[in-house]
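Geometric and topological summary
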Amino acid sequence: RVVTHPLARGTGAGRALMTEAIAACEARWPATPIRPEAQQHLERFYASLGFATTGEAYMEDGIPHVSMRRG
């Protein structure tokens, strides 16, 4: 999970963090898909980072989630 303090939301910190995480995964495990389980309301955010939704929405901890994949 990625947690962002409310005061840091909208500053680009989450995008920067995810960009670094993607780069680290790709450097360590090239050609291996990255498969996050994202909260559904963040689906467009992850899509903007190159992830595609791979299944139907499901509930986890009372929050709608979707499986996603990059690579």
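Definitions and limits used
- Residues numbered from 1 in each chain as written.
- Predicted model: local features only at pLDDT ≥ 70, side-chain atom pairs only at ≥ 80, totals over all residues.
- Heavy atoms only, no water.
- Salt bridge = Lys/Arg side-chain N within 4 Å of Asp/Glu carboxyl O.
- Helix = DSSP H or I, 4+ residues; strand = E, 2+ residues; numbered from the N terminus.
- Buried < 20%, exposed > 50% of the residue type's maximum accessible area, 1.4 Å probe, protein only.
- 1 Å grid on protein atoms, 1.4 Å probe; cavity = no way out; pocket = protein on both sides within 12 Å on 5 of 7 lines; lining within 4 Å.
- Points joined across faces, edges and corners; volume = space filled by probe spheres on them.
- Nonpolar A, V, L, I, M, F, W, Y, C, P; charged D, E, K, R; others polar.

Overview of the pattern of salt bridges
Enumeration over the complete set of coordinates arrives at one salt bridge. Residue Glu 26 pairs with Arg 70 through a salt bridge whose shortest N-O separation is 3.1 Å. Here Glu 26 is found in helix H1 (residues 13-28), whereas its partner Arg 70 is found in the segment after strand E4 (63-69), with 44 residues between them in sequence. Classification of Glu 26 by relative accessible area gives partly exposed; the value is 39%. Assessed through its relative accessible area of 22%, Arg 70 is described here as partly exposed.

Topic: the layout of surface pockets
As a volume, the largest pocket reaches approximately 580 Å³. The wall of the largest pocket is formed by 21 residues, among which Val 2, Thr 4, Leu 42, Phe 45 and Tyr 46 lie closest to the centre. Contributions of two or more residues to the lining of the largest pocket are made by H1, strand E1 (37-39) and helix H2 (43-48). With four residues, the top contributor of residues to the lining of the largest pocket is H1. Looking at side-chain class alone, the lining of the largest pocket contains nine nonpolar, seven polar and five charged residues.

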